Amino acid sequence: MLQVENLTKSYATADGRTQVLDGVSFGMERGETLALTGESGSGKSTLLHLIGGLDRPDSGQISLNEKKMTGLDDRGRSALRRGTVGIIFQQFNLIPSLTVAANIAFHARLAGRHDPDWVERLTDRIGLTDQRDKYPEALSGGQQQRVAIARTLAARPKLVLADEPTGNLDEDNAEIILMLLLETAREAGTSVLMVTHSLNLAARLGRRLHLSHGRISA
């Protein structure tokens, strides 16, 4: 499903270039769930952005579903991302002018894979059927994060990248969101790569990798 080979990334700073990723390699199988942990500034979000095609590595290779991403231009990465990858950020990034139902269907429509029955099932699974005609501003933070997860899964991506998806939630809501993500991903046959600082949440996923000083350790 995903293969990352010898990935490197650095950024220019006032003191010169800072190496963020230094030879990162790992793989994921279809349907696998993987937690990525590490201290703040270890490069976790950078790695997710590279896998999601939001940025380019300095060197190395990323293959998604046996298609190489490295070397693609912006349009090519966007098309691969739209067809294969779904991304969940801490910020919900819902469209305020769209209802809950329309927000959930948005990415699936863009990908040409809108399935009204699947959207309805997801809306029911996140417990917001009675809120489907409301706008994001009328929802709590936990409810908005549920919509963000359902919106990502509505397009049936092969891989979901989740960057601290429960970081802004209290413990109870974090548990609800994590179970929702894992259960609906399992139903869709989707792999999940989740960045988290919580070892308790990481333990709920099938495997964990630790990122430290730009390098991966199991």
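Data block above holds the structure.
Residues numbered from 1 in each chain as written. Predicted model: local features only at pLDDT ≥ 70, side-chain atom pairs only at ≥ 80, totals over all residues. Heavy atoms only, no water.

Engineer: Could you give an account of the packing of aromatic side chains, with specific residues and numbers?
Structural biologist: In this structure the tally under the stated criterion is zero aromatic pairs. Geometry around W118 places R156 over its ring, the cationic atom sitting 4.2 Å from the centre. (Phe/Tyr/Trp six-rings, centres within 6.5 Å; stacked < 30°, edge-to-face > 60°. Lys NZ or Arg CZ within 6 Å of the ring centre and 35° of its normal.)

Engineer: Describe the pattern of salt bridges, naming the residues involved and giving the relevant values.
Structural biologist: Applying the stated criterion across every chain, the model contains nine salt bridges. One salt bridge connects R207 with E32, and the closest N-O pair in it is separated by 2.6 Å. Placement of the pair is R207 in strand 9 (residues 207-212) and E32 in the loop between strand 2 (16-28) and strand 3 (33-37), with a sequence separation of 175 residues. In this structure R207 comes out as partly exposed when scored by relative accessible area, which is 30%. Under the relative-accessibility criterion, E32 is labelled buried at 18%. Residues D115 and R156 are paired through a salt bridge, measuring 3.9 Å at the closest nitrogen-oxygen approach. With D115 in the loop between helix 3 (100-110) and helix 4 (116-125) and R156 in the loop between helix 5 (141-154) and strand 7 (159-163), the pair connects residues that are 41 residues apart, well separated along the chain. Residue D115 is classed as partly exposed on the basis of its relative accessible area, which comes to 27%. Among the charged side chains, a salt-bridge network with shared partners connects R121, R125, E183 and E187. (Salt bridge = Lys/Arg side-chain N within 4 Å of Asp/Glu carboxyl O. Helix = DSSP H or I, 4+ residues; strand = E, 2+ residues; numbered from the N terminus. Buried < 20%, exposed > 50% of the residue type's maximum accessible area, 1.4 Å probe, protein only.)

Engineer: Please set out the nonpolar core residue by residue, giving values where relevant.
Structural biologist: Formed by 36 residues in total, the largest nonpolar core has its most connected members in I104, I126, V147, I149, L181 and M194. Elements supplying a minimum of two residues to this core: helix 3, helix 4, helix 5, strand 7, helix 6 (171-188), strand 8 (191-195) and helix 7 (199-202). When residues of this core are assigned to their parent elements, the largest contribution, seven residues, is made by helix 6. Filtering out sequence-adjacent residues up to four positions away, L181 remains in contact with I88, I149, L153, V160, A162 and V192. (Core = buried A, V, L, I, M, F, W, Y, C linked by side-chain atoms within 4.5 Å. Contact = heavy atoms within 4.5 Å.)

Engineer: Pulling in residues and values, what's your account of the packing of helix 3 against helix 5?
Structural biologist: Contact geometry for helix 3 and helix 5: axes closest at 6 Å, N-to-C directions at 35°. As helix 3 runs across helix 5, the sense of the crossing is right-handed. The residues of helix 5 that touch helix 3, namely those facing V100, N103, I104, H107 and A108, are V147, A150, R151 and A154. Classifying every residue of the contact of helix 3 with helix 5 gives six nonpolar, two polar and one charged. (Axes fitted to C-alpha atoms, helices over the stretch in contact; angles between N-to-C directions. Left-handed = near helix turned anticlockwise from the far one by under 90°. Nonpolar A, V, L, I, M, F, W, Y, C, P; charged D, E, K, R; others polar.)

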